[in-house]
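Here is how the chains run, residue by residue.
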Amino acid sequence: MQPFGAGGGKRGSVSLRLTHQPKRTAGALDLEPELPKLRALLGKLAPAREVDDLVQEVVARALRYRDTFDGERELGPWLAKTALHVYLDHRARLAREGPVEEATERAAAPDESFEERELVANLLAKLPSVERDVLVRFHQRGESVREIASALRIPEGTVKSHLHRARKRLAEEQP
Amino acid sequence: MKTDTEFWNAVNAALDERRDPLADERVQDELAEHPERLDELLVLQRRLPLLSRAPERRRVTPFVVAAAGLLALGVGLAVAWIRGASEPQASIMQPHDPGDIVDFRLEVVRQRGGLSSSVIVDPHGVRADSAALGDDAVAYFSIERSRGNQP
């Protein structure tokens, strides 16, 4: 599949300003300025070799469903959500066909993966013991919130609070 | 949904139910408005599966330090006892000789929920039925010497 805008001439030479009649406001679905943002968003999720195809699919889907776009709202978020749906559909299709190279796996090359494991170990060690305990029980041992609450003799709401704080720390901590 | 808090509430709600946050409608709405938040979500999704593969880092608690010290002491006593047993006895006792150690026992015990874990050091060696002693462990130490020549 040819990347959008590639093929006959320079990339981006094809005009994407397409006239449409949205429900409330007549106007143009000006996709071209949104393409870099779409490419960046999908580039975080999918391998580079798949990004052009995904962007093209987002554009095709946007055109197909342009009548559902509310012209009074911003185009960017609508396209971004379309892109997320396209990515999830793409991932589901790949999963049906064979092993999926998840964004999480793609982002971690072997060396990086080793460093990441070290980092995760350090982050775990730095967590307050109750947060570490709850996080490991839920995500590593597969225990339910109820089981953890019962084992630690604390309310389920408290388990969730610890779990949520631990996840956020795990996500925010930089190497 | 404008705040970071609401984004994380949506992410956590999905994860609590073991669903993919990316497939969650509220998370998607938030990401559509704030695509930059995808970075932290991807970091989290990359790190969570590594929890089970992360090398374990145990915190060094005061108990662990104390237990290590006691164990070192126990091993030292064991060595002294073995040497004392193998060396010929001096025919003349030295002044203030405290006497030989004829027996000793160091035991660190932790009891929780009806289960007991312990580490024992005695002349026969070091025995442990569990390495996972917690902060609530108790150490017992006893030593027995021959009479010696102390008053």
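A word on the overall build of chain B
Then, in step 1: Counting its regular elements, chain B contains four helices and four strands.
Then, in step 2: In chain B, the succession of helices and strands from N to C terminus is α-α-α-α-β-β-β-β.
Then, in step 3: Across the 151 residues of chain B, 19% fall into the buried class.
Then, in step 4: Excluding contacts between residues fewer than 6 apart, the proportion of contacts in chain B whose partners are at least 24 apart in sequence is 57%.

So, the overall build of chain A
Then, in step 1: Secondary structure assignment for chain A yields eight helices and two strands.
Then, in step 2: The order of α-helices and β-strands along chain A, N terminus first, is β-β-α-α-α-α-α-α-α-α.
Then, in step 3: Within chain A, the proportion of its 175 residues that are buried is 26%.
Then, in step 4: Across chain A, every contact between residues at least 6 apart in sequence was considered, and the portion connecting residues at least 24 apart equals 61%.

Some thoughts on the nonpolar core
Then, in step 1: Among the nonpolar cores identified, the biggest contains 47 residues, and Leu 42, Leu 54, Val 58, Ala 83 and Tyr 87 of chain A are the most heavily contacted of them.
Then, in step 2: The residues contacting Val 58 of chain A, other than those within four sequence positions of it, are Leu 38, Leu 79, Thr 82, Ala 83 and Val 86 of chain A.

Comments concerning the interface of chain B and chain A
Then, in step 1: Taken residue by residue, the interface counts 30 residues in chain B and 32 residues in chain A.
Then, in step 2: At the level of secondary structure, the elements contributing two or more residues to the side of chain B that touches chain A comprise helix 1 (4-16), helix 2 (25-33) and helix 3 (38-47) of chain B.
Then, in step 3: For the side of chain B that touches chain A, the leading source of residues is helix 3 of chain B, giving eight residues.
Then, in step 4: Here the residues of the side of chain B that touches chain A are counted per class, giving 17 nonpolar, four polar and nine charged.

Examining the packing of helix 1 (residues 35-45) of chain A against helix 2 (residues 48-64) of chain A
Working note: a packed helix pair is described by the angle between its axes plus the distance between those axes.
All names here are of chain A.
Then, in step 1: Direction vectors running N to C along helix 1 and helix 2 enclose 130 degrees, while the axes themselves pass 9 Å from each other. The orientation of helix 1 relative to helix 2 falls into the category oblique. As helix 1 packs across helix 2, the resulting crossing turns out to be right-handed. Taken together, the residues of helix 2 that come into contact with helix 1 (itself represented by Leu 35, Leu 38, Arg 39, Leu 42 and Gly 43) are Ala 48, Val 51, Leu 54, Val 55 and Val 58.

A word on the environment of Arg 26 of chain B
Then, in step 1: Tracing the backbone through its elements, the reader meets Arg 26 of chain B in helix 2.
Then, in step 2: You can call Arg 26 of chain B partly exposed: it has 16 C-beta atoms within 10 Å.

A closer look at unusual backbone geometry
Then, in step 1: One non-glycine residue, Arg 153 of chain A, lies in positive phi territory at about 55 degrees.
Then, in step 2: Looking at where Arg 153 of chain A falls in the secondary structure, it is placed in the loop between helix 7 (145-152) and helix 8 (156-172).
Then, in step 3: Phi is positive for Arg 18 of chain B, which is not a glycine, with a value near 55 degrees.
Then, in step 4: On the secondary structure map, Arg 18 of chain B appears in the loop between helix 1 and helix 2.
Then, in step 5: With 10 C-beta atoms counted inside 10 Å, the residue Arg 18 of chain B sits in the exposed group.

Comments concerning the confidence of the model for chain B
Then, in step 1: When pLDDT is averaged along chain B, the result is 73, and 50% of the positions lie at 70 or above.
Then, in step 2: Scored as a whole, the predicted complex attains pTM 0.61, and scored at its interfaces, ipTM 0.76.

Notes on helix 2 of chain B
Then, in step 1: Burial in helix 2 of chain B covers these residues: Val 27, Gln 28, Glu 30, Leu 31 and Ala 32 of chain B.
Then, in step 2: Against the buried residues of helix 2 of chain B lie helix 3 (75-97) of chain A together with helix 1 and helix 3 of chain B.

Thoughts on helix 8 of chain A
Since one α-helical turn is 3.6 residues long, residues separated by three or four positions face the same way.
All names here are of chain A.
Then, in step 1: With 17 residues, helix 8 should cover 24 Å at 1.5 Å per step; its first-to-last C-alpha distance of 24 Å lies within 8% of that length.
Then, in step 2: Turning to helix 8, its buried residues are Val 159, His 162, Leu 163, Ala 166, Arg 167, Leu 170 and Ala 171. The arc enclosing the buried residues of helix 8, seen along the axis, measures out at 165 degrees, which places them on a common side. Helix 8 presents Gly 157 and Glu 172 as exposed residues on the side facing more than 90 degrees away from its buried surface.

Notes on the confidence of the model for chain A
All names here are of chain A.
Then, in step 1: Mean pLDDT over chain A: 81, with 75% of residues reaching 70 or higher.
Then, in step 2: The lowest-confidence element of chain A is strand 1 (residues 17-20), averaging 50 in pLDDT; the highest-confidence one is helix 7, averaging 96.
Then, in step 3: Within the model, the stretch residues 20-27 combines pLDDT values under 50 with 15 contacts to residues more than four positions away or in other chains.

Some remarks on the packing of helix 2 of chain A against helix 3 of chain A
All names here are of chain A.
Then, in step 1: Across the interface, helix 2 lies against helix 3 with an axial gap of 9 Å and an inter-helix angle of 120 degrees. Taken together, the axes of helix 2 and helix 3 are oblique relative to one another. Judged by the sense of rotation from one axis to the other, the crossing of helix 2 with helix 3 is right-handed. Facing helix 2, whose interface residues are Leu 54, Glu 57, Val 58, Arg 61 and Ala 62, helix 3 presents Leu 79, Thr 82, Ala 83, Val 86, Tyr 87 and His 90.
Then, in step 2: Among the residues forming the contact of helix 2 with helix 3, the class breakdown is seven nonpolar, two polar and two charged.

The rules we used
- Residues numbered from 1 in each chain as written.
- Chains lettered and ligands numbered in written order.
- Predicted model: local features only at pLDDT ≥ 70, side-chain atom pairs only at ≥ 80, totals over all residues.
- Helix = DSSP H or I, 4+ residues; strand = E, 2+ residues; numbered from the N terminus.
- Buried ≥ 20, exposed ≤ 12 C-beta atoms within 10 Å, placed from the backbone.
- Contact = placed C-beta atoms within 7 Å.
- Core = buried A, V, L, I, M, F, W, Y, C linked by C-beta atoms within 7 Å.
- Nonpolar A, V, L, I, M, F, W, Y, C, P; charged D, E, K, R; others polar.
- Axes fitted to C-alpha atoms, helices over the stretch in contact; angles between N-to-C directions.
- Parallel < 35°, antiparallel > 145°, perpendicular 65-115°, else oblique.
- Left-handed = near helix turned anticlockwise from the far one by under 90°.
- pLDDT = per-residue confidence, 0-100.
- Expected span 1.5 Å × (residues − 1).
- Arc of directions from axis to C-beta.

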